[in-house]
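# Descriptive analysis of the structure
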Amino acid sequence: MKTPIYLDNNATTRMDPRVLEAMLPYFTEHFGNAASRNHAFGWAAEEAVDYAREQIAHLIGADAREIIFTSGATESDNLAIKGVADMYARKGDHIITVTTEHKAVLDTCRALEKQGKRVTYLEVDDDGLINLQELEAALTPQTILVTVMLANNETGVIQPMKEISALTHKAGALLFSDATQAVGKIPVNVEEYGIDLMAFSGHKMYGPKGVGALYVRRKNPRVKVTAQMDGGGHERGMRSGTLNVPGIVGLGKAAELARLEMAGEIARLRKLRDKLETELMKVEETKLNGHPEHRLPHVSNISFKHVEGEGLMMGIKDLAVSSGSACTSASLEPSYVLKAMHINDDAAHSSIRFGLGRFTTEEEIDYAIRHVKEAVGKLREMSPIWEMYQEGVDLNTVVWASH
Amino acid sequence: MAYSNKVIDHYSNPRNVGTLDKAAQNVGTGLVGAPECGDVMRLQIEVDETTNIIKDAKFKTFGCGSAIASSSLATEWLKGKSIDEALAIDNMDIVEELSLPPVKIHCSVLAEDAIRAAINDYRVKQGLEPIAAEKSH
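An account of the accompanying structure is given in this report. Think of each chain on its own: its residues are numbered from 1, step by step along the sequence as written. Think of it this way: whatever chain is written first is A, whatever ligand is written first is 1, and the rest follow in order. Per-residue local features are limited, in this predicted model, to residues with pLDDT of at least 70; the limit for side-chain atom pairs, both in listing and counting, is 80 or more; totals at the level of whole chains, interfaces and linings are taken over all residues. Side-chain numbers come from the whole structure's heavy atoms, not from hydrogens or water.

Right, let's get into the overall build of chain A. Here a helix means four or more residues in a row that DSSP labels H or I, a strand means two or more in a row labelled E, and each is numbered from the N terminus. Looking only at helices and strands, chain A has 14 helices and 13 strands in total. Taken over the C-alpha trace, chain A has a radius of gyration of 22 Å; the compact-globule value for 403 residues is 22 Å, and the two agree within 12%. With the C-alpha coordinates of chain A rotated into their principal frame, the extents come out at 75 × 50 × 35 Å. Relative accessibility decides the category of a residue: with a 1.4 Å probe and only protein chains considered, values under 20% of the type maximum give buried, values over 50% give exposed, and everything between is partly exposed. The proportion of buried residues among the 403 residues of chain A is 58%. For chain A, contacts bridging at least 24 residues in sequence account for 72% of all contacts bridging at least 6. Areas reported here follow the Shrake-Rupley algorithm with a probe of radius 1.4 Å; residue values treat only the protein chains shown as occluding. Entry remark: accessible area of chain A is about 16600 Å², with carbon and sulfur atoms responsible for 51%. Just so you know, the count uses Lys and Arg for positive and Asp and Glu for negative, and it drops His and the chain ends. Here the site of a charge means NZ on Lys, CZ on Arg, CG on Asp, or CD on Glu. Taking the average location of the 45 positive side-chain charges in chain A and that of its 55 negative ones, the two points are 5 Å from each other. As a reference, a globule follows 2.2 Å times the number of residues to the power 0.38, and the radius of gyration itself is taken over C-alpha atoms. Should any heavy atoms of two residues lie within 4.5 Å, those residues are counted as being in contact.

Counting from both sides, the interface comprises 30 residues of chain B and, opposite them, 26 residues of chain A. Taken as a group, Tyr11, Pro35 and Phe62 of chain B account for 25% of the area that chain B buries against chain A, more than any other trio of residues on that side. One speaks of a salt bridge when a side-chain nitrogen belonging to Lys or Arg is within 4 Å of a carboxyl oxygen belonging to Asp or Glu. Linking chain B with chain A are 3 salt bridges. Measuring nitrogen to oxygen at the nearest pair gives 2.9 Å for the salt bridge that ties Lys60 of chain B to Glu387 of chain A. For the purposes of these results, a polar contact is taken to be a pair of N or O atoms within 3.5 Å, where, inside protein, one atom must be able to donate a hydrogen and its partner to accept one; residues adjacent in sequence count only when each atom of the pair is a side-chain atom. For the interface between chain B and chain A, the tally reads 13 residue pairs in polar contact (both at pLDDT 80 or more). Of all the elements in the fold, those that place two or more residues in the side of chain B that touches chain A are α1 (5-12), β1 (27-34), β2 (39-48), β3 (53-62), α2 (65-78) and α5 (105-125) of chain B. Residues are sorted three ways: Asp, Glu, Lys and Arg are charged, Ala, Val, Leu, Ile, Met, Phe, Trp, Tyr, Cys and Pro are nonpolar, and all the rest, Gly among them, are polar. Each residue belonging to the side of chain B that touches chain A can be placed in one class, and the counts come to 16 nonpolar, 9 polar and 5 charged. Put simply, buried area is how much 1.4 Å-probe accessible surface two parts lose in total, over both of them, once they are put together.

Let us look at the pairing of strand β8 (residues 212-216) of chain A. On a regular strand, one side chain projects to one face of the sheet and the next to the other, so that they alternate. All names here are of chain A. Buried residues dominate β8, accounting for 5 of its 5 residues. Here β8 shows a buried face lined by Gly212, Leu214 and Val216 and a second buried face lined by Ala213 and Tyr215. With 5 bridges joining them, strand β7 (residues 197-201) and β8 adopt antiparallel strand pairing. Looking at β8, one finds that Met198 is bridged to Tyr215. Paired strands, as defined in this entry, are two strands with at least two bridges between them according to DSSP.

Another point: the nonpolar core. Grouped together as the largest cluster of nonpolar side chains are 68 residues, with contacts concentrated most on Ile60, Leu135, Leu150, Val183 and Met198 of chain A. Per-element accounting of this core gives the leading share, 10 residues, to helix α9 (residues 245-281) of chain A. Formed by 61 residues, the second largest nonpolar core is a distinct cluster that contains Leu280, Ile316 and Val372 of chain A together with Leu43 of chain B. By convention a nonpolar core is built from buried Ala, Val, Leu, Ile, Met, Phe, Trp, Tyr and Cys residues, the set being connected through side-chain atoms within 4.5 Å.

All names here are of chain A. Taken in spatial order, the 7 strands of this open sheet run β2-β8-β7-β6-β5-β3-β4, and their pairing is mixed. Where the open sheet ends on each side, the last strands, each with one partner, are β2 (67-70) and β4 (118-122). Adjacent strand axes in the sheet meet at a mean angle of 20 degrees, parallel and antiparallel pairs treated alike. In terms of strand pairing, strand β3 (residues 94-98) meets β4 through 5 bridges, oriented parallel. Along β4, the bridge assignment pairs His94 with Arg118. For helices, the axis comes from a line fit to the C-alpha atoms of the stretch in contact; other axes are also lines fit to C-alpha atoms, and the angle between any two N-to-C directions lies between 0 and 180 degrees. Contacts from helix α4 (residues 73-87) reach β2, β3, β5 (143-147), β6 (174-178), β7 and β8 within the one sheet, and its direction differs from that of β7 by about 160 degrees.

Here we take up the pattern of salt bridges. All names here are of chain A. Scanning the model with the defined rule gives 34 salt bridges over all chains in all. Across the pair Glu235 and Arg53 runs a salt bridge, and its minimum N-O distance is 2.9 Å. Placement of the pair is Glu235 in the loop between β8 and α9 and Arg53 in helix α3 (residues 40-60), with a sequence separation of 182 residues. On the basis of relative accessibility, which here comes to 8%, the residue Glu235 falls in the buried class. With a relative accessible area of 13%, Arg53 lands in the buried category. Linking Lys339 and Asp345 is a salt bridge whose minimum nitrogen-to-oxygen distance equals 4.0 Å. Connected through salt bridges with shared partners, the residues Asp16, Arg18, Glu261 and Arg358 form a single ionic network.

Here's what the structure looks like:
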């Protein structure tokens, strides 16, 4: 077993060697521009792009013509939200989103607010789920778009997309979903869920960085987005720019592998995740963050109370994980996602996200269990608030010296 | 952001972790920070009442590696110092010794606050006025 062990697969994933192999010829041999219509170099590139479009469409139950290639999920989020806001400006000016969305969605909505659009931010319950009655109440005739992520990047919580879609469509609005954490990991079918636009990216599904896609529905209803970048009118006029052919080939291959291996991987990773979680939750004063069932099978977010997350990560330096602790960011604010779920700041500071992936082994999980338990024990011995807790002091009644 | 070797050393082998009797007349306790801010430091000093020399110092810290290292270093520096010498410890001395990056300077500030809080707790127990904070953070 090699260390450090990678358990941060929600941040990015290792590219599958089979994906790299598929991409390589498109850097040197088949280097043509997919928009070159009059020679063999261009044809080879175009053919590869078309094939990748099929592979990706197949994974999400779409038509190949509904896939728009972008540089990644952030661009797809921007294109979907701003593109719909522009295209449907005459119909309305209201967008509904959720407080636990990714920054690429939230900051895009904020930017639109500055331009005069109206945005409603739905709250979530303690488990991270939105309230459907609140969504229904927020929808108005002026609502043009509802944007709800499929699975959350910090907790893995999965929103009830079918129900959200039904309410959204009943009100005559479109549904966009940032499905970056879900596509390639769990079955995602745009027809079954009733999603009109959907963003995802290559590097979260064992493909390359710098390439992503936006699904844009062509039928029932036909959806259009206004391009956010001017240029040669590629991708049916919605996204200009020479296509990243090797990246697109890689995304296609990654989509195909995910589709073929998904069922086995879900079962394998769920078993490993459950083992990790069950063992770590045996440690006293721990808390699972996020809905226990409506959740991705390979993610676990746990707070180890009275131990600070970054300090804990330093104690498990052979494990690459991530924390909701403020100390891991420049802002000194703990995770806004956990705060939105009404999790106390101190529990948010104590949270660790474990993200398993295709290359995670049982041996690595056993190692992780052992080392996390050891580090939590060691740090609690050093923690004044653990000592106070053990003496029966109610930490909520202590008047803390601010600084 | 990589940690300096000194931070790693103090984190891995913290000096003077523990608890002194906070009720004792010659023990000063400083508890600073707050759990919701992600840092709580408790620093204690045991003072020789005739010489005013700090005989022993202990800490417990809830926080990141830099916060743990700052408090561990502080206890090391406090032992053997007089109260006046201890008051002269500046947070920037800690920053320099541990090569803390700008985003971790607040850890050293907290350690300085903890030292002052412990000394003031001792002074009050001895019937003296607490020393007003020189600067606010």
